[in-house]
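The primary structure of each chain is shown beneath.
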Amino acid sequence: MDPVVVGRRVRALREERGISLSTLARLAGVGKATLSGLEHGTRNPTLETLWAVTAQLGVPFTALLAEPAAEPIVHGTAVTATLLEVFTDTDATYELYRMRVAPGVVQTSPAHQPGVTEHITVFAGVLRAGPADAPLTAAAGGHLRWVSDVPHTYAAVGDEEVAASLLLRYPRH
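What counts, and at which threshold
Residues numbered from 1 in each chain as written. Predicted model: local features only at pLDDT ≥ 70, side-chain atom pairs only at ≥ 80, totals over all residues. Heavy atoms only, no water. Pairing = 2+ DSSP bridges. Helix = DSSP H or I, 4+ residues; strand = E, 2+ residues; numbered from the N terminus. Axes fitted to C-alpha atoms, helices over the stretch in contact; angles between N-to-C directions. Buried < 20%, exposed > 50% of the residue type's maximum accessible area, 1.4 Å probe, protein only. Contact = heavy atoms within 4.5 Å. UniProt positions renumbered as here; feature names shortened; annotations may be inferred.

Participant: I'm lost on the sheet that holds strand S8 (residues 143-147) in this one. Help?
Facilitator: Reading across the sheet, the six strands line up as S1-S2-S3-S10-S5-S8 and stay open at both edges, with antiparallel pairing between neighbours. Strands at the two margins of the open sheet, each flanked by one partner only, are strand S1 (73-75) and S8. Strand-to-strand twist in this sheet, taken as the mean axis angle between neighbours without regard to direction, amounts to 25 degrees. Sheet analysis places strand S5 (residues 117-124) next to strand S10 (residues 162-171), joined by seven bridges and oriented antiparallel. Each bridged residue has a counterpart across the sheet, and for Thr-121 the counterpart in S10 is Ser-165.

So this is what it looks like as structure tokens:
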């Protein structure tokens, strides 16, 4: 993902909504300097920062990609996610990711906009993920689902990296 392209998209989406830089930074829980650097393409933002910003803008994560590259990869504290497909129907936009969760670290992600759900199928390892105050656990072959409009976490249980798919569903309003 090109930080300059992402920054331009963030700024355009923010301005389309008439939101000031200061207001978006406050709502997203990121520093004003961080958001300014993101918009100018001088900062390489984390996955957590981008999700916090898109949640406050009310758009799917992929809205930051002006022209999606073939399988863009995003990195968080514990999660590395490769976008496989974006598709829409009359009620929602979906983003499908191949996801890896590194052992030994917990990633906390900010709340998405209201009604967003996450669906994870675990292929290898054991994953603990879901609402920060009530995470769920699944081993290989298992499935997790939760409404992700609250802060949520991802963590590999034990020493094995988790391999999984992640489907995000963004309802249309």
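Okay, back to it.
Participant: What is the right way to read helix H3 (residues 32-39) from this model?
Facilitator: Since the α-helix advances by 3.6 residues per turn, residues separated by three or four positions end up pointing in the same direction. Taken together, the buried positions of H3 are occupied by Leu-35, Gly-37, Leu-38 and Glu-39. Phi turns positive one or two residues past the end of H3, at Gly-41, with a value near 75 degrees.

Participant: Teacher, can you tell me more about the sheet that holds strand S9 (residues 152-156) here?
Facilitator: Neighbouring strands of a sheet are bound in pairs by backbone hydrogen bonds; such pairs are parallel or else antiparallel. Strand order in this open sheet of four strands is S4-S9-S6-S7, and the pairing throughout is antiparallel. A strand with exactly one partner marks an edge of an open sheet, and here the two such strands are strand S4 (106-109) and strand S7 (136-139). Across the sheet, the axes of successive neighbouring strands diverge by a mean angle of 15 degrees, strand direction being ignored. Judged from the four bridges that link them, S4 and S9 form a sheet pairing that is antiparallel. Each bridged residue has a counterpart across the sheet, and for Ser-109 the counterpart in S9 is His-152. Helix-sheet contacts for helix H4 (residues 47-57) involve S4 and S9, and the interaxial angle to S4 is about 15 degrees.

Participant: What's the story with the pairing of strand S3 (residues 92-101) in this structure? I'm lost.
Facilitator: Side chains on a regular strand alternate between the two faces of the sheet. For S3, the tally of buried residues reaches seven of 10 residues, placing the bulk of the element in the interior. Pairing analysis gives nine bridges linking strand S2 (residues 79-88) to S3, with the strands arranged antiparallel. If you follow Leu-83 over to S3, its bridge partner there is Tyr-97. Bridge count for S3 against S10 is 10 bridges, and the pairing is antiparallel. For Leu-96, the partnering residue across the bridge sits in S10 and is Leu-167.

Participant: Looking at this model, I keep getting lost on the UniProt feature "domain: HTH cro/C1-type" (unreviewed entry) in the protein. Mind explaining?
Facilitator: In the UniProt entry, the feature "domain: HTH cro/C1-type" (unreviewed entry) is given for residues 10-64. Here residues 10-64 is 62% helix and 0% strand, with 6 Å between the C-alpha atoms at its ends.

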